[in-house]
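# Descriptive analysis of the structure
Each chain, letter by letter, is given below.
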Amino acid sequence: MAIARFPPYFATSDHRERCLEQLRSKSAPLEKYIYLNGLKERDPNLFYDLLLQNMKEIIPLLYTPTVGEACVNYSHIWRRPEGLYVSIEDKGRIRNVLSTWPNTIDSRIAVVTDGSRILGLGDLGANGLPISIGKLDLYIAGAGIKPSSTVPICLDLGTNTQRYLDDPLYIGIRRRRPDPEEMDEFMDEFIEAMKDVFPSLMVQFEDFSTDNAFKYLDRYRYKYRVFNDDIQGTGSVILSGFINAANLSSAASGKPLADHRILFFGAGSAGIGVAKQLLSFFIMQGLSPEEARARIWTVDSKGLITAGRKGLQEHKKFFARTDYEGPALTDLVDIINYVKPTALLGLSTLKNAFSETVVKAMAAINERPIIFPLSNPVHLCEVDYQDAIEWSDGKVIFASGSPYFSVTYKDVTYEPGQGNNMYIFPGLGLGAILSKARHVSDAMVEQASIALASSLTDEEKAAQLVYPRLNRIRDISARVASAVIRQAQKEDLDTNNYLRTLPDDVLSSLVHDKMWRPHEATPRL
């Protein structure tokens, strides 16, 4: 077979523009995802170059909302091996399986999912791998983590979703998920093997079921370098946005920051994780931990969560109210009228849960109501931005989990905020890697949030944004990473003593210099 040659005048054309044109010619987001996946295989440097130059356009294709569709259909769109699968059938030899990964010594970050709770889409089993792949692409784009140092992992533990078990093209093991005892044995072996095979690795847990997300974070967080983005990352990015939103709201109302009252609609791992992170906001205002907890109310599918409810799940007990003894409150508007919250946060995955009456109820009791519908992807978001603007008559302070376009209402253009975890986890991971932290502490996560909140430019503040614009992500990640490094040093969790000798400006420059860039010499993390 003849050797293929480039066209004679290929070098005089802009292949990046050609690839962008090819991408934009695809009409369906899933087709664009597949195209980008192929481009990354053919020319990784070009793929990441395009991503860095077109983040606002491409990130929603690589991650939320498109990655959800990619996961649901992954068994049907699969084209080539992209990550590492570790099966429940590998128990007893997990170390051997992990050792098949190339370049284990230089690996720095793994994103691990078991596919049991992908976004708001449920148990997708082995189809969950694109979540790990997409998250690592954001580490690479957002914080300059070297692509060859990333490890996407899906734990194939079966699935309880019957349609996948019945699908002849399903790529995972055909069994139901293990009982807790078998799962614990598997996870213990897996984590210990990860430590042995990948000595310099940080592990991010992603999209585990609610109970397991909390359990395995608590089980391993002080023994290994692990964190859970659904619990800690989401909480951190929302804390940051809430700090800025609360300042805007209090400026309009004249009320002290300590007087804010937060109502959470949705009490899964993400909801409770965010709620616990937001305790820090009130403690920053001088409240005690108990006083801070009293400023937060939680709602699930059965209504306002109270301590007297029978069969209450363990993770919901922390915020269960002990000061309400009336009949069960199940209607969200009734709950708003009872609680009188200044902020309503949605992590329920219930589309349109924040109806017109809900938004108007919030606007009736607040000069600038804070409404954060944070569920992903867009088709599960509690309220669309256009509706939130119109129903609140432009008063709402808004941030969502998925991206929305700006809205013009009564001749005023409003720019939405997006509580995108990408603002936090790339910089948090980079800071933990560079400092060689022994584990990721709550204070490191909190400092990441504070660094993000303080990263708004004067122009962004003038536009009353609650989050900075994503096209500055590497500067933001450097700021976050520097704060994480300093906090690790403060808690004596770091093992890279050299960074302790650097003044802040030199540390910031070093963090920037450590970021990988396409077509440049690769820095060593």
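These figures come from a predicted structure and were not determined experimentally.

### Some words on the layout of surface pockets
- Size it by volume and the largest pocket reaches roughly 980 Å³.
- Of all the secondary structure elements, the ones that give two or more residues to the lining of the largest pocket are α3 (44–53), α4 (55–62), α5 (66–72), β14 (417–418) and α21 (473–490).
- Split into classes, the residues belonging to the lining of the largest pocket amount to 22 nonpolar, eleven polar and eight charged.
- A volume near 770 Å³ is recorded for the second largest pocket.
- Together, 43 residues line the second largest pocket, and R117, L119, A270, L347 and T349 are the ones closest to its centre.
- For the lining of the second largest pocket, the secondary-structure elements that each account for two or more residues are α8 (129–143), α12 (229–253), α13 (269–284) and β7 (296–300).
- The greatest single-element share of the lining of the second largest pocket, amounting to five residues, is contributed by α12.
- Looking at the lining of the second largest pocket residue by residue, the class counts come to 15 nonpolar, 20 polar and eight charged.

### Re the packing of aromatic side chains
- For the structure shown, the criterion picks out 18 aromatic pairs.
- Look at F208 and Y216: their rings are 6.5 Å apart centre to centre, the planes differ by 70 degrees, and that puts the pair in the edge-to-face class.
- Of the residues examined, Y216 reaches a relative accessible area of 1% and is grouped as buried.
- Centre to centre, the rings of Y216 and Y220 are 5.9 Å apart; their planes meet at 10 degrees, and the pair counts as stacked.

### Let's talk about the packing of helix α2 (residues 29–42) against α3
- Relative orientation of the contacting elements α2 and α3 amounts to 130 degrees, with a least axis distance of 5 Å. Considered as vectors, α2 and α3 are oriented oblique to each other. On α3, the residues that touch L36, L39, K40, E41 and R42 of α2 are P44, L46, F47, Y48 and L50.
- Taken together, the residues of the contact of α2 with α3 break down into seven nonpolar, no polar and three charged.

### Quick word on helix α19 (residues 442–453)
- With twelve residues, α19 ought to run about 16 Å at 1.5 Å a step, and its terminal C-alpha atoms sit 17 Å apart, in line with that.
- Listed in full, the buried residues belonging to α19 are M444, V445, A448, S449, A451, L452 and A453.
- Check the buried side of α19 and you find it contacts α12, α13, α18 (425–435) and α21.

### Let's talk about the sheet that holds strand β5 (residues 226–228)
- In space, the five strands of this open sheet follow the order β1-β3-β2-β4-β5, with parallel pairing throughout. Looking at which strands have only one partner, the edges of the open sheet turn out to be β1 (84–87) and β5. Strand-to-strand twist of the sheet, defined as the mean angle between neighbouring strand axes without regard to direction, takes the value 25 degrees.
- Here four bridges tie β1 to strand β3 (residues 150–156), and the two strands are oriented parallel to one another. Within β3, the position partnered with V86 by the bridge is L155.

### Concerning the UniProt feature "binding site: a divalent metal cation" (unreviewed entry) in the protein
- Mapped onto this numbering, the UniProt entry annotates "binding site: a divalent metal cation" (unreviewed entry) at E206, D207 and D230. Across 25 residues of sequence, these annotated residues stay compact in space, with a maximum C-alpha separation of 6.8 Å. As for the annotated residues, the ones lining the second largest pocket are E206, D207 and D230.
- Along the chain, E206 turns up in the loop between β4 (202–205) and α11 (210–220).
- Each residue touching E206, except ones within four places of it in the same chain, is listed here: Y63, V111, V112, T113, D114, I131, K135, D229 and D230.
- Within the structure, the side chain of E206 is placed 3.1 Å from the side chain of Y63, a separation counted as a polar contact.
- Checked against the element boundaries, D230 lands in helix α12.
- Contacts of D230, omitting those with residues within four sequence positions, involve R117, F205, E206, D207, F208 and A270.
- There is a polar contact of 2.6 Å between the side chain of D230 and the backbone nitrogen of D207.

### Observations regarding the pairing of β4
- Burial along β4 is two-sided: the residues M202 and Q204 and V203 and F205 are all buried.
- Pairing between strand β2 (residues 109–113) and β4: four bridges, direction parallel. Bridge pairing in β4 links V112 to F205.
- As defined by bridge partners, β4 adjoins β5 across three bridges and the pair is classed as parallel. Looking at β5, one finds that V203 is bridged to V226.
- What joins β4 to β5 is α11, and the crossover it makes is right-handed.

### Comments concerning the nonpolar core
- Counting residues in hydrophobic clusters, the biggest one holds 144 residues, and the most contacted among them are V86, L98, I153, L155, F190, F205 and L345.
- In this structure I153 touches L84, V86, A110, V111, V112, T113, L129, S132, F190 and M194, once residues within four positions along its chain are discounted.
- One finds L332, A361, I389 and Y409 within the second-largest nonpolar core, a separate group that totals 30 residues.

### As for the pattern of salt bridges
- Enumeration according to the criterion identifies 33 salt bridges in this entry.
- R177 is the partner of D114 in a salt bridge, and the nearest nitrogen-oxygen pair spans 3.7 Å. With D114 in the loop between β2 and α8 and R177 in the loop between α9 (162–165) and α10 (180–197), this pair connects stretches of sequence that are 63 residues apart. Of the two residues examined, D114 and R177, each falls in the buried class.
- A salt bridge links E206 to K135; the shortest N-O distance between them is 3.2 Å. Here K135 lies in helix α8 and E206 lies in the loop between β4 and α11, a separation of 71 residues in the sequence.
- According to the relative accessible area criterion, E206 is buried, its value standing at 2%.
- A relative accessible area of 3% means that K135 is categorised as buried.

### Thoughts on the domain arrangement of the protein
- Assigned domains within the protein: domain 1 (63–228), domain 2 (233–419) and domain 3 (422–514).
- Contact residues are listed per partner, giving eleven residues for domain 1 and 15 residues for domain 2.
- Taken together, the two surfaces of domain 1 and domain 2 that pack against each other cover about 930 Å², and 66% of this comes from carbon and sulfur.
- Among the residues domain 1 hides against domain 2, the three largest losses belong to T64, P65 and F214. Together they make up 44% of the total.
- The interface formed by domain 1 and domain 2 contains zero salt bridges.
- At the surface where domain 1 touches domain 2, the tally comes to zero residue pairs in polar contact (both at pLDDT 80 or more).

So, how was this worked out
- Residues numbered from 1 in each chain as written.
- Predicted model: local features only at pLDDT ≥ 70, side-chain atom pairs only at ≥ 80, totals over all residues.
- Heavy atoms only, no water.
- 1 Å grid on protein atoms, 1.4 Å probe; cavity = no way out; pocket = protein on both sides within 12 Å on 5 of 7 lines; lining within 4 Å.
- Points joined across faces, edges and corners; volume = space filled by probe spheres on them.
- Helix = DSSP H or I, 4+ residues; strand = E, 2+ residues; numbered from the N terminus.
- Nonpolar A, V, L, I, M, F, W, Y, C, P; charged D, E, K, R; others polar.
- Phe/Tyr/Trp six-rings, centres within 6.5 Å; stacked < 30°, edge-to-face > 60°.
- Buried < 20%, exposed > 50% of the residue type's maximum accessible area, 1.4 Å probe, protein only.
- Axes fitted to C-alpha atoms, helices over the stretch in contact; angles between N-to-C directions.
- Parallel < 35°, antiparallel > 145°, perpendicular 65-115°, else oblique.
- Contact = heavy atoms within 4.5 Å.
- Expected span 1.5 Å × (residues − 1).
- Pairing = 2+ DSSP bridges.
- UniProt positions renumbered as here; feature names shortened; annotations may be inferred.
- Polar contact = N/O pair within 3.5 Å; in protein donor to acceptor, adjacent residues only side chain to side chain.
- Right-handed = clockwise from strand over helix to strand, strands pointing away.
- Core = buried A, V, L, I, M, F, W, Y, C linked by side-chain atoms within 4.5 Å.
- Salt bridge = Lys/Arg side-chain N within 4 Å of Asp/Glu carboxyl O.
- Domains from an automatic or database assignment.
- Buried area = accessible area lost by both parts, 1.4 Å probe.

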